[in-house]
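Given next are the chains, with one letter for each unit.
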Amino acid sequence: MKKTLILTTALVGLAFPALADVTVMSWGGAYGAAQTEGHLKPFTAATGIATTMVDSDNPATPIKAMVEANNVTIDVASLEYADAVRLCDEGVLEPFDASILPAGKDGTPAAEDFLPGAVTECAVSTDIWATVFAYDITKFPDGGPTTAADFFDTTKFPGKRGVKKGAKAVLEFALMADGVAPADVYATLSTPEGVDRAFAKLDSIKADIVWWEAGAQPPQLLADGEVAMTMAYNGRIFNAAIAEAKPFQIVWDGQIYENEMYAIPKGAPNMEEAKQFIAFATSTDGLRQQAQWISYGPARKSALAEPLIFNDGKTEMAPHLPTAPENMKNALESNWEFWVDRDAELNERFNAWLSAG
């Protein structure tokens with residue numbers, strides 16, 4: 001049996017012969033840049049294996065099409081948790097041998113070092129991220145929104161709203177804004193009445209919504225003044241505010257958080273190198289390196305043992321992570337089982353609602 005090489009950042013600087021090119025498909029923008037700086041470049045420096053980043057609005061869609069067409073050109077894909085589980089069940093992803101994952105930097109076995117649920121049959125967590133909402137503080141000089149309910153109050157806080165064009169996270173956010181406690185969201189959304197309630201809440205601002213599909217769009221919508229506030233991925237707003245000095249403020253009330261996962265599509269052209277890349281990227285140092293480029297939390301305990309500092313060299317990341325205690329007061333963990341079962345049904349309802357005008 002061919003042995004799989006376990007790589008660590010201790011290999012940086014060693015000379016390796018040119019090997020296959022590992023192609024990674026991710027989400028573009030600040031997130032893709034964080035993975036490039038935190039994972040791809042260090043992996044190439046450590047191993048000599050070239051890497052290429054390819055952007056997608058949602059990698060789950062193109063990799064499924066590639067596998068079905070038997071024409072896979074991607075070695076590693078960055079996937080939302082529910083998509084990773086669903087695609088694994090559908091045979092789109094390669095089963096992942098968790099035994100190749102390195103121990104934590106402190107020696108803790110990987111199985112104990114990763115947070116619960118962070119390693120699945122076909123995927124490994126790269127970070128914990130959140131859907132939040134944010135606003136331009138210059139639009140509200142007398143004080144901006146502080147709750148999920150405020151996002152839907154266009155009388156008190158006038159202006160357009162940026163909303164993700166899809167059911168996932170949007171329906172949960174609408175229910176929390178309507179007063180449903182996080183612990184009750186999925187029980188509510190499992191009933192016809194609960195679904196109706198979520199869409200009724202969205203109806204209240206439908207005329208003021210600007211829809212977005214790619215994660216790079218919300219900060220741009222704010223910067224261009226097209227919206228006064230927008231749903232967004234927390235790391236994208238953090239980078240715009242800290243790295244680009246934009247006057248943006250995140251509201252954590254009603255945040256929806258989950259793991260992002262690395263997975264290998266079935267039939268990836270460079271299978272062994274893809275496994276090496278994932279083992280490297282999800283090591284203690286690999287997760288810390290990405291977290292120093294964007295405010296998504298590492299999914300290993302050992303990666304959180306020391307303070308994380310943004311690449312500006314001065315901003316401590318802990319208060320900006322979805323898992324910071326202050327940010328978790330009214331937070332919801334995305335239920336992957338719910339979305340594996342209900343994604344098609346609720347997106348069909350969502351699209352019908354959209355087309356109804």
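Criteria and thresholds
Residues numbered from 1 in each chain as written. Predicted model: local features only at pLDDT ≥ 70, side-chain atom pairs only at ≥ 80, totals over all residues. Heavy atoms only, no water. Helix = DSSP H or I, 4+ residues; strand = E, 2+ residues; numbered from the N terminus. Rg over C-alpha atoms; globule rule 2.2 N^0.38 Å. Buried < 20%, exposed > 50% of the residue type's maximum accessible area, 1.4 Å probe, protein only. Salt bridge = Lys/Arg side-chain N within 4 Å of Asp/Glu carboxyl O. Axes fitted to C-alpha atoms, helices over the stretch in contact; angles between N-to-C directions. Left-handed = near helix turned anticlockwise from the far one by under 90°. Contact = heavy atoms within 4.5 Å. Nonpolar A, V, L, I, M, F, W, Y, C, P; charged D, E, K, R; others polar. Phe/Tyr/Trp six-rings, centres within 6.5 Å; stacked < 30°, edge-to-face > 60°. Pairing = 2+ DSSP bridges. Core = buried A, V, L, I, M, F, W, Y, C linked by side-chain atoms within 4.5 Å.

Scanning the chain for helices and strands turns up 13 helices and 9 strands. For the chain, whose C-alpha radius of gyration is 20 Å, the value lies close to the compact-globule estimate of 21 Å for 357 residues. Referenced to the eigenvectors of the C-alpha coordinate spread, the extents of the chain come out at roughly 65 × 45 × 35 Å. When each of the 357 residues of the chain is scored for burial, the buried share is 55%.

According to the stated counting rule, one finds 15 salt bridges in the structure shown. For Glu 37, the salt bridge is made with Lys 41, and the minimal N-O distance between the two is 2.7 Å. Residue Glu 37 and its partner Lys 41 are located together in helix α1 (residues 29–47), separated by 4 residues, close to a single helical turn. Residue classification places Lys 41 among the partly exposed residues on the basis of a relative accessible area of 47%. Between Lys 64 and Glu 90 there is a salt bridge, with the nearest N and O atoms lying 3.2 Å from each other. One end of the pair, Lys 64, is in helix α2 (residues 60–68); the other, Glu 90, is in the loop between α3 (81–89) and α4 (110–113), with 26 residues separating them in the sequence. We classify Lys 64 as partly exposed; its relative accessible area is 26%.

Right, let's get into the packing of α1 against helix α12 (residues 284–291). The N-to-C vectors of α1 and α12 enclose an angle of 145°; their axes lie 8 Å apart at closest approach. Once α1 is placed against α12, the crossing between them reads as right-handed. Of the residues in α12, those touching α1 at Tyr 31, Ala 34, Gln 35, Gly 38, His 39 and Pro 42 are Gly 286, Leu 287, Gln 289 and Gln 290. Its residues placed into classes, the contact of α1 with α12 shows 4 nonpolar, 6 polar and no charged.

Before going further, it helps to examine the packing of aromatic side chains. Tallied over the entire structure, the rule returns 22 aromatic pairs. Judged by centre distance (5.4 Å) and plane angle (90°), the rings of Trp 212 and Tyr 233 are edge-to-face. Of this pair, Trp 212 sits in strand β6 (residues 209–212) while Tyr 233 sits in strand β7 (residues 229–233), and the two are 21 residues apart along the sequence. Judged by relative accessible area, which is 0%, Trp 212 ranks as buried.

Of all 5 residues in strand β3 (residues 76–80), 5 are buried, a share of seventy percent or more. Neither face of β3 is open: one carries Val 76, Ser 78 and Glu 80, the other Ala 77 and Leu 79, and all of them are buried. Relative to β3, strand β1 (residues 22–26) runs parallel, the two being bridged by 2 bridges. Directly across from Val 24, in β3, lies its bridge partner Val 76.

Turning to the environment of Ala 243, a few remarks are in order. Note that Ala 243 resides in helix α10 (residues 234–243). In this structure, the C-alpha to C-alpha distance between Ala 243 and Ile 294, residues 51 residues apart in sequence, is 9.8 Å. Look past the residues within four positions of Ala 243 in its chain and what remains in contact with it is Phe 238 and Phe 310.

Of note, the phi angle at Asn 70 is positive, near 55°, even though the residue is not glycine. Tracing the sequence through the fold places Asn 70 in the loop between α2 and β3. For Ala 169, which is not glycine, the phi torsion reads 75° and is therefore positive. With respect to the element layout, Ala 169 can be found in the loop between β5 (161–164) and α6 (170–177). Classification of Ala 169 by relative accessible area gives buried; the value is 5%.

Counting 63 residues, the largest nonpolar core has Phe 151, Phe 152, Leu 171, Phe 173, Leu 202 and Trp 339 as its most contacted members. Those residues in contact with Phe 173, other than ones at most four positions away along the chain, are Phe 133, Ala 148, Phe 151, Phe 152, Met 231, Asp 253, Gly 254 and Ile 256. In terms of nonpolar packing, the next biggest core, distinct from the first, is built from 26 residues, Val 22, Phe 43, Tyr 262 and Leu 287 among them.

Our focus in this paragraph is the pairing of β5. Of the two faces of β5, the one holding Arg 161 and Val 163 and the one holding Gly 162 and Lys 164 are both buried throughout. Relative to β6, β5 runs parallel, the two sharing 4 bridges. When the bridges of β6 are listed, Val 163 appears paired with Trp 211. Relative to β7, β5 runs parallel, the two sharing 2 bridges. Looking at β7, one finds that Arg 161 is bridged to Met 229.

Moving on, we come to α12. Given 3.6 residues per turn, any residue in an α-helix points the same way as the ones three and four places further on. Where burial is concerned, most of α12 is hidden: 6 out of the 8 residues are buried. Along α12, the residues that are buried comprise Thr 284, Gly 286, Leu 287, Arg 288, Gln 290 and Ala 291. On its buried face, α12 is in contact with α1, α4, β4 (123–136) and α11 (271–281).

Moving on: the environment of Ala 82. One can find Ala 82 in helix α3. Separated by 152 residues in sequence, Ala 82 and Asn 234 place their C-alpha atoms 19 Å apart. Setting aside anything within four residues of it in sequence, one finds Ala 82 in contact with Lys 168, Glu 258, Trp 336, Trp 339 and Val 340.

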